[in-house]
Amino acid sequence: MPVSPESSGTARPPAVTPSLVVIGAGPRGTGFLERLAANAPSLYDGLPLDIHLVDPYPPGAGRIWRRDQSPLLWMNSMAEDVTMYTDESVVLDGPVRPGPALHEWAREVREGRIPLPADSERAEPGLRAAITALTGQTFPSRQVQSAYLSWVYEQTVAALPPGVTLHRHRTHALRVSGPRGGRQRVWLEDRAEPLLADLVVLTLGHLDGEPDARQRELREFARRHRLIHLPPDFTADSDLSELPAGEPVLVRGFGLAFVDLMVLLTEGRGGRYSGNADDTSDDGEGGGELVYHPSGREPVLYVGSRRGVPYHSKIGYGLEGERAPLPRFLGPAQIDELLSRPGPPDYERDLRPLIDKELGFAHYHRLFSAHPERTRVGWTDFEEKYAAADPGSPELDALVAGAVPDPADRLDLAALDRPLDGVRFPSYDALQPALRAYITADLVRRHDPSHSADLAVFYGLLSVYGQLIRLGDLGDMDDRWHGFFSYLASGPPGPRLRQLLALSRAGVVRFLGPDMTVEADERQGVFRARGAGVPGAYVEARALVEARLPDPSPERTRSPLLRALYEEGAAVTAGAGLVRVDPGDGRLVERDGRPHPRRFALGPYTTARSSGAFTRPRTGGPAFRQNDATARAALTLLGELSFRAGPVSSTDRPHAVPPEGPGPVPPKGPGSVPPDGPHAAPPDGAHAVSSTAGRARSGPSEAER
């Protein structure tokens, strides 16, 4: 019979079960656990392991995809383009474990072969109806995606091998401390004693941020003059109730955060549409146009941005036939060469020419193979000369002009990126129909398979993103590539742009054009906005909304965990402020350039961020590769530790002291290990789930968004 170490000074303490703490239980944390379960039989077969999952929000969904939000908010992808499971297209060292994509899961639920998760079963009847009505071409609500993610999480937990115990902690992680070569301490918000961990994996997702200097100035200006200023935030979590009905509201930002804002301030306030939002034939002149019927509770949104136009519509058809053989001009060999240079690559000099040529190759390969009647030469001849020409050179321009007669069939990335550059209008009234015509033309083209070269460019963008992950944000110091990718490849569903057109015609949305600026007029006590497209004109308002996500940099993050890691030595890039990780396995890199042996990080706040929140089936999924590599590295190290496990040393025992500053202070006196702590013995023969509950609040989440 074992003897407690407190009762005898000579008794040997029991062996310590290896412990892994995962901070963040949203999609990325769930994806990491899925890869852990898939790889454990070969790398950790039969060994005991304690996993501690820390997140105040629901596992699987996390904060951004939690069910507790408006059913009006949609995903930005069709159901057939969303999966949490690997397939044969993913290149990884671990096993492929197929599973249903979102629309396949919904079909299985509809046909009774998959039960809904318990929390979804208790949801309002409308959620079940939305799930069962889902098709592959549906843009699902975030509530529907939440139910799918909850199911994936439950399946992932069930797949953990015997001997693995999963402990849930419904609270925030505040700080990680501990030596490079020893066990780590993870300090939680609702307890004085830390969790002890052999390894820590951060899957934090998007994070809240403190305002920068300019945002603080605007906040103070608004306070002095009793105005309204809403800083960058996740729109679903913003308090929009203070935006008054019928009054002008300046909105800076025309991306996906604006789309959510638009929805919540119109339909969310009782407005409604008549007509078919899925009909992309709307020409704005009647017939199939969508009509908005205001409730009278809407403000008037004056929206502008750097480009002055919304993100390009999601493409509304699938690619049939041959895909371009990618990568072609930006692949592993080119990345190896860039990494071998003594300094970081320059985006404009080193990366953009390769990106442009790769996207052009994808575009013209599709045009020549699917629409040869719109070309003048054979593909073989064109490809040979295209490969020999320098990107952006007069020779390349002449080659394209001679081979592709219609300018609409040529790829002009500069025009795509800044369509209103140099365009001027005599008044804001004149700008409105012109911008509606632009949005309508974009909608029509993005839903017309005769322009399938646009979809080939989308796949080219995915290929480029997969290669650039190896560079982190080297060469993209001001986020130019990431911003361009989001604008061209991650725009809103077509029906949302039809709603935008209807709101514009109804006068609820007004366009300000490109290069929007905002000034604070102390004398008049108002915000004043201008756009470069209408020289001399301006709009004044008593409310300003910054429609974009917060800055994720550790210097301004509201996450005490990330801030503490930065303060104690985690490396951060100089441009976008991303946490630097080893591209091979996701280990956190310290400022001295060394990867930390016991800390890993995955997600959009790192230099290994991927192209989107979710992966399309059969597209290779870089996030899957990252999750797999990190899971295998973690299991390998944990397996080695399990064979070396010995007595608990005095320095491994946590000590109970109150938190101080960003987290608890280092221990000063002896303490006891909490019942659900890292030394808790797993149930015999099976994994189990335990839980410690702390009340979730509206503060910073460590969940995947």
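Up top is the structure these notes are about.
Residues numbered from 1 in each chain as written. Predicted model: local features only at pLDDT ≥ 70, side-chain atom pairs only at ≥ 80, totals over all residues. Heavy atoms only, no water.

Caption draft 1: Summary view of the overall build of the protein chain. The helix and strand tally for the protein chain stands at 18 helices and 22 strands. Looking at the 705 residues of the protein chain, the share that counts as buried comes to 55%. Contacts in the protein chain between residues far apart in sequence, at least 24 positions, make up 78% of those at least 6 positions apart. As presented, the protein chain carries roughly 28,400 Å² of accessible surface, and 51% of it is formed by carbon and sulfur atoms. (Helix = DSSP H or I, 4+ residues; strand = E, 2+ residues; numbered from the N terminus. Buried < 20%, exposed > 50% of the residue type's maximum accessible area, 1.4 Å probe, protein only. Contact = heavy atoms within 4.5 Å. Areas by Shrake-Rupley, 256 points an atom, 1.4 Å probe, with all protein chains shown as cover.)

Caption draft 2: Focus on helix α5 (residues 142-159). Taking 1.5 Å of rise per residue, the 18 residues of α5 would be expected to cover 26 Å, and the 25 Å separating its terminal C-alpha atoms lies within 8% of that figure. Most of α5 sits out of view: 14 of its 18 residues are buried. (Expected span 1.5 Å × (residues − 1).)

Caption draft 3: Inspection of the pattern of salt bridges at higher detail. Tallied over the full model, the rule gives 43 salt bridges. E34 is the salt-bridge partner of R35, the closest N and O atoms lying 2.9 Å from each other. Among the residues examined, E34 registers a relative accessible area of 9% and is labelled buried. Put simply, E519, D521, R528, R530 and E540 are held in one network by salt bridges that share partners. (Salt bridge = Lys/Arg side-chain N within 4 Å of Asp/Glu carboxyl O.)

Caption draft 4: Quick peek at the sheet that holds strand β16 (residues 539-541). Spatial strand order, β14-β15-β16: three strands in an open sheet with antiparallel pairing. The strands lining the two open edges of the sheet, one partner per strand, are β14 (517-521) and β16. Neighbour-to-neighbour, the strand axes of the sheet open up by a mean angle of 25 degrees, direction not taken into account. By the bridge criterion, three bridges tie strand β15 (residues 526-530) to β16 in an arrangement that is antiparallel. Across the sheet, residue R528 finds its bridge partner in β16, namely E540. Sitting on the sheet, helix α6 (residues 213-225) touches β14 and β15, and the angle it makes with β14 is about 40 degrees. (Pairing = 2+ DSSP bridges. Axes fitted to C-alpha atoms, helices over the stretch in contact; angles between N-to-C directions.)

By themselves, these are just geometric observations and shouldn't be taken as functional.
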